Structures are given as structure tokens and as C-alpha cells.
Amino acid sequence: MDIIKTTSLIWFFLILVCCSSTKSMNSPMFKEGITKANDQKTEQDKLKQGNLALGIGIITLNEESYGKDKFIHIYNQDGSLWYQFTFYYNDSGRKFEYANENFKPFAFHLDYFVLALRCLDEDGNHYEVIVDEETGLKKFVRKDDETLKFETWEQHILKTFAVDFDREKNPLRETPGGKIKKVDLPKEVTFHPVEISGEWLKVRWDISKKKKNNTEFGWIKWKENNNLLVELFYFS
């Protein structure tokens with residue numbers, strides 16, 4: 001009888017554990033955690049862009065003057081505030097407390113302090129920027145805003161971690177505009193930006209991780225007719 005009672009208690013305990021695990025997987029906190037992970041994946045996917053009109057440059061975060069007490073400010077045409085946010089936010093609730101569904105810039109990632117707004121035009125005091133790449137919504141940032149800075153596309157691309165491109169339409173070349181480079185690329189290859197000459201971007205990649213002095217170089221077009229031809233990756 002003692003053996004039967006002990007066995008019954010063990011089975012009862014196991015059933016409770018299973019029920020508890022099922023409940024936790026369906027709890028709001030668990031689902032919220034999944035949502036956050038998926039949101040981060042979506043954000044990372046948005047970091048790569050291609051075939052877009054360049055405008056005059058990029059507005060990005062000024063790392064030298066940005067700090068915990070600083071906010072990013074974006075304005076309407078009449079000068080009124082449209083949106084403000086900070087990268088230093090309280091994520092204890094697993095939500096971005098300054099979320100704005102109409103803010104979908106060229107590049108944006110909270111964890112890596114990534115911000116890139118396509119800049120279309122400027123006047124004496126403001127830059128006109130695209131704040132929603134899906135709808136083309138335009139807003140303004142102030143030139144005297146110390147949290148932001150203007151970069152040319154050349155400056156911006158060379159600061160990114162990696163680029164990608166259409167290897168059939170935009171093949172690797174030995175020199176800018178020169179012969180197509182015959183190369184056997186690895187299955188998993190990462191192209192890092194090196195230098196820019198006009199419409200041409202020099203990239204480097206590793207042939208094999210096992211070999212020394214295994215770096216190759218080639219040239220691709222990064223723009224054509226004021227359109228961006230490469231995808232940008234801001235972190236590995």
C-alpha cells in the first residue's frame with residue numbers, strides 16, 4: 001500500500017508540473033517575451049535596405065553628444081513637435097515606452113543605438129527627413145540639434161559593418177568599372193565596405209576562416225541614377 005501511495009503522489013506531482021508549465025507558456029508575460037524577440041528580429045531585418053532614392057544624405061545619431069539625459073526631437077513643418085524618444089528607456093515592462101507606429105526610418109535599432117533617417121532636403125535651419133519608409137511620411141529635424149548629425153552617403157556606408165548586393169546585376173569587378181572579377185565565393189560570405197570612388201564601392205571578404213592572408217577585394221556599384229544599390233548591415 002505504501003508503494004501504491006508513493007507512486008500516486010509522484011504521478012500527481014508530475015501532472016501539477018506539466019499543468020504549471022503549460023500555463024506559464026500561455027501567460028501574458030511569456031507571450032510578451034516572444035513578441036519582443038520577434039520585434040527585434042523584425043527591426044534587424046529592417047536594417048538592410050536597397051534600391052532607394054538617396055536624397056542628399058543621412059541624419060544619424062551624434063554619439064559624441066548623445067547621453068542619458070538627451071531626447072531625439074522630430075518636428076512638423078509648422079515647427080510643432082511631432083515625436084520625441086530616447087534610447088535610454090525603462091524596458092522593465094518589455095515595451096518601448098516611446099513607441100510610434102508611424103516611425104519606421106531607414107534604420108533603427110534600440111539595443112545598438114542605430115538611427116538613420118534619409119535626408120531629402122535642407123534649408124537654413126532644418127533638414128527634411130523620411131520618418132516612415134513604408135508611407136514616405138516626411139518630417140523635420142533641426143540643424144542645431146546636438147543629438148543628431150548629417151552624414152553623406154559615402155561617410156555613412158563606410159561606417160557600416162557590411163553590405164550586400166545583387167551579384168548578377170551588380171557583379172564584383174577588379175577595378176571601378178573594370179573587368180568582372182572571377183571568384184569562387186564561399187556559401188556564407190560577408191562583404192565589408194573599404195573605400196568609395198564615385199559610384200563604386202570597394203569591398204573585402206574572407207575566402208576561408210581557416211587560412212591566413214585569405215582576404216579578397218573587389219569593386220561594386222553602390223549607387224546608380226541617385227538610387228542606392230546596396231543593402232546596409234549595421235552590426236554582425
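## Notes on the overall build of the chain
Step number 1: Across its full length, the chain holds three helices and 15 strands.
Step number 2: With 236 residues in all, the chain has 33% of them scored as buried.
Step number 3: Within the chain, residue pairs in contact and separated by at least 24 positions form 57% of the contacts whose partners lie at least 6 positions apart.
Step number 4: On the chain, roughly 15,000 Å² of surface is accessible, and the fraction owed to carbon and sulfur atoms is 50%.

## As for the confidence of the model for the chain
Close inspection of predicted coordinates is inappropriate in any region flagged by low pLDDT.
Step number 1: Per-chain confidence: the chain averages 81 in pLDDT, with 75% of residues scoring 70 or above.
Step number 2: pLDDT under 50 marks residues 1-48. Its contacts with residues more than four places away, or in other chains, come to 31 contacts.

## A few points about the sheet that holds strand E10 (residues 192-197)
Step number 1: Here we have three strands laid out as an open sheet, ordered E10-E11-E12, and antiparallel in their pairing. Sheet topology places E10 and strand E12 (215-221) at the edges, where each strand pairs with a single neighbour. Averaged over all pairs of adjacent strands, the angle between strand axes in this sheet comes to 25°, irrespective of strand direction.
Step number 2: Pairing of E10 with strand E11 (residues 200-206), which is carried by five bridges, proceeds in the antiparallel orientation. Bridging across to E11, Ile-196 finds its partner in Leu-201.

## Details of the packing of aromatic side chains
Step number 1: Taken as a whole and assessed by the stated rule, the structure comprises 19 aromatic pairs.
Step number 2: Between Phe-103 and Phe-108, the ring centres sit 5.2 Å apart and the planes meet at 80°, which makes this aromatic pair edge-to-face.
Step number 3: Phe-108 gets classed as buried once you look at its relative accessible area, which sits at 12%.
Step number 4: The ring of Tyr-75 has Arg-142 lying over it, and the distance from NZ or CZ to the ring centre is 4.1 Å.
Step number 5: Above the face of the Tyr-127 ring, Lys-143 is positioned so that its terminal group lies 5.1 Å from the ring centre.

## With respect to unusual backbone geometry
Step number 1: One non-glycine residue, Asn-225, adopts positive backbone phi at about 55°.
Step number 2: The exposure class assigned to Asn-225 is exposed, which follows from its relative accessible area of 67%.
Step number 3: You will see that Asn-226, though not glycine, has its phi angle at about 60°, which is positive.
Step number 4: Accessibility expressed as a relative area gives 44% for Asn-226, which makes it partly exposed.

## Looking at the environment of Gly-136
Step number 1: Structurally, Gly-136 can be placed in the loop between strand E6 (126-132) and strand E7 (137-142).
Step number 2: Accessibility expressed as a relative area gives 32% for Gly-136, which makes it partly exposed.
Step number 3: Residues Gly-136 and Pro-105 lie 31 residues apart in sequence; the distance between their C-alpha atoms is 9.5 Å.

## Here's the deal with the nonpolar core
Step number 1: In terms of nonpolar packing, the biggest core is built from 25 residues, with Phe-106, Trp-153, Ile-157 and Trp-222 touching the most fellow members.
Step number 2: Counting only elements with at least two residues in this core, the list comes to strand E5 (114-122), helix H3 (153-159) and E11.
Step number 3: Excluding its chain neighbours within four sequence positions, the residues that come into contact with Ile-157 are Val-163, Pro-193, Ile-196, Leu-201, Trp-222, Leu-228 and Leu-232.

## Side note on the side chain of Asp-132
Step number 1: Looking at the element boundaries, Asp-132 is found in strand E6.
Step number 2: Comment: no salt bridge for buried Asp-132; closest opposite-charge side chain is Lys-104, at 4.6 Å.
Step number 3: Separated by 3.3 Å, the side chains of Asp-132 and Thr-135 make a polar contact.
Step number 4: Not counting the four nearest positions on each side in its chain, Asp-132 is found in contact with Glu-101, Asn-102, Lys-104 and Leu-137.

## Some thoughts on the environment of Phe-87
Step number 1: With respect to the helices and strands, the residue Phe-87 is situated in the loop between strand E3 (81-85) and strand E4 (107-109).
Step number 2: Taking the C-alpha atoms as reference points, Phe-87 and Lys-68, 19 residues apart in sequence, are found 8.0 Å from one another.
Step number 3: In contact with Phe-87, other than residues within four places in its own chain, are Leu-61, Tyr-66, Phe-108, His-109, Leu-110, Phe-113, Val-114 and Leu-115.

Parameters at a glance
- Residues numbered from 1 in each chain as written.
- Predicted model: local features only at pLDDT ≥ 70, side-chain atom pairs only at ≥ 80, totals over all residues.
- Heavy atoms only, no water.
- Helix = DSSP H or I, 4+ residues; strand = E, 2+ residues; numbered from the N terminus.
- Buried < 20%, exposed > 50% of the residue type's maximum accessible area, 1.4 Å probe, protein only.
- Contact = heavy atoms within 4.5 Å.
- Areas by Shrake-Rupley, 256 points an atom, 1.4 Å probe, with all protein chains shown as cover.
- pLDDT = per-residue confidence, 0-100.
- Pairing = 2+ DSSP bridges.
- Axes fitted to C-alpha atoms, helices over the stretch in contact; angles between N-to-C directions.
- Phe/Tyr/Trp six-rings, centres within 6.5 Å; stacked < 30°, edge-to-face > 60°.
- Lys NZ or Arg CZ within 6 Å of the ring centre and 35° of its normal.
- Core = buried A, V, L, I, M, F, W, Y, C linked by side-chain atoms within 4.5 Å.
- Lys, Arg positive; Asp, Glu negative; His and termini not counted.
- Salt bridge = Lys/Arg side-chain N within 4 Å of Asp/Glu carboxyl O.
- Polar contact = N/O pair within 3.5 Å; in protein donor to acceptor, adjacent residues only side chain to side chain.

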